[in-house]
Amino acid sequence: MFGIFAGTLFITTGTLDEIIRGTAVGLAIISYAINGRGITDDRFVIHPLDNRGIKFDEVDRVVLFRDKKKNEVKMNFFKFGLRGPLMKFSVPMDELVKFLSKHLKEGTPIDVVTETNE
């Protein structure tokens, strides 16, 4: 997709200024396409351009689910009763629970949902 954008940019534009401006816009669009969610030392980062994030002390509850098929841990958090975005991690469940229990405010519930084989 980026190749098509870059090819169109160089074919349709004539001046160097337009090429630089088009490249900057293309890089900004790509930064939104890359999944930049994650956890820092003091907050959840929701998207790549998120400079504030959600601080750990604002979180009411965290729900974790281990997807065995994809070998990943899915996490949702709740702030003021509203669900935050789904985040996916490739770290083991126990490491994520240890990290969250140390960094979340005292008494924040961490719910672990497991699959049942029927």
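Preceding block: the structure.
Definitions and limits used
- Residues numbered from 1 in each chain as written.
- Predicted model: local features only at pLDDT ≥ 70, side-chain atom pairs only at ≥ 80, totals over all residues.
- Heavy atoms only, no water.
- Helix = DSSP H or I, 4+ residues; strand = E, 2+ residues; numbered from the N terminus.
- Contact = heavy atoms within 4.5 Å.
- Areas by Shrake-Rupley, 256 points an atom, 1.4 Å probe, with all protein chains shown as cover.
- Core = buried A, V, L, I, M, F, W, Y, C linked by side-chain atoms within 4.5 Å.
- Buried < 20%, exposed > 50% of the residue type's maximum accessible area, 1.4 Å probe, protein only.
- Pairing = 2+ DSSP bridges.
- Arc of directions from axis to C-beta.
- Phe/Tyr/Trp six-rings, centres within 6.5 Å; stacked < 30°, edge-to-face > 60°.

**Structural notes on the overall build of the protein**
Thought 1: A count of helical and extended segments in the protein gives three helices and eight strands.
Thought 2: Shown N-terminal to C-terminal, the secondary structure of the protein runs as helices and strands in the order α-α-β-β-β-β-β-β-β-α-β.
Thought 3: Taking contacts inside the protein between residues at least 6 apart in sequence as the whole, the part at least 24 apart equals 39%.
Thought 4: Accessible surface, the protein as shown: approximately 8,500 Å² in total, 58% of it carbon and sulfur.

**A few points about the nonpolar core**
Side chains of nonpolar character tend, in soluble globular proteins, to be buried together.
Thought 1: Within the largest apolar cluster, 16 residues are counted, with the highest numbers of intra-cluster contacts made by Phe44, Val59, Val62, Leu64, Met75, Phe77 and Leu100.
Thought 2: Among the elements of the structure, strand 4 (61-67), strand 5 (72-79), strand 7 (87-89) and helix 3 (93-103) are those that each provide at least two residues to this core.

**Details of the sheet that holds strand 1 (residues 38-39)**
Whenever strands of a sheet pair, they do so through backbone hydrogen bonds, lying parallel or antiparallel.
Thought 1: Taken in spatial order, the three strands make up an open sheet running 1-2-3, and their pairing is antiparallel. Both edges of this open sheet fall to strand 1 and strand 3 (54-55), since each of them pairs with a single strand only.
Thought 2: As paired strands, strand 1 and strand 2 (residues 43-45) are joined by two bridges and run antiparallel to one another. The residue bridging Gly38 from the neighbouring strand is Val45, located in strand 2.

**Description of helix 3**
Thought 1: For helix 3, every residue scored as buried is listed here: Met93, Leu96 and Leu100. Angular distribution of buried residues about the axis of helix 3 spans 65°; they occupy a single face of the element. Among the exposed residues of helix 3, those oriented more than 90 degrees off its buried face are Lys98 and Lys102.
Thought 2: Where helix 3 is buried, its residues contact strand 1, strand 2, strand 4, strand 5, strand 7 and strand 8 (110-113).

**What to know about the pairing of strand 4**
Thought 1: Bridge count for strand 4 against strand 5 is seven bridges, and the pairing is antiparallel. Looking at the pairing, Leu64 lines up with Met75 of strand 5.
Thought 2: Hairpin remark: strand 4 followed by strand 5, antiparallel, with four residues in the connecting loop; positive phi at Asn71, about 55°.
Thought 3: With four bridges joining them, strand 4 and strand 8 adopt parallel strand pairing. In the strand pairing of strand 8, Leu64 is matched with Val112.

**Description of the packing of aromatic side chains**
Thought 1: Inspection of every chain in the model, using the stated rule, returns three aromatic pairs.
Thought 2: Pairwise contacts between aromatic rings join Phe44, Phe56, Phe77 and Phe99 into one cluster.

**Focus on unusual backbone geometry**
Thought 1: Phi at Asn71 is positive, roughly 55°, even though this residue is not glycine.
Thought 2: A positive phi is found at Phe80, a non-glycine position, where the angle reads about 55°.
Thought 3: For Phe80, the location among the structural elements is in the loop between strand 5 and strand 6 (82-83).

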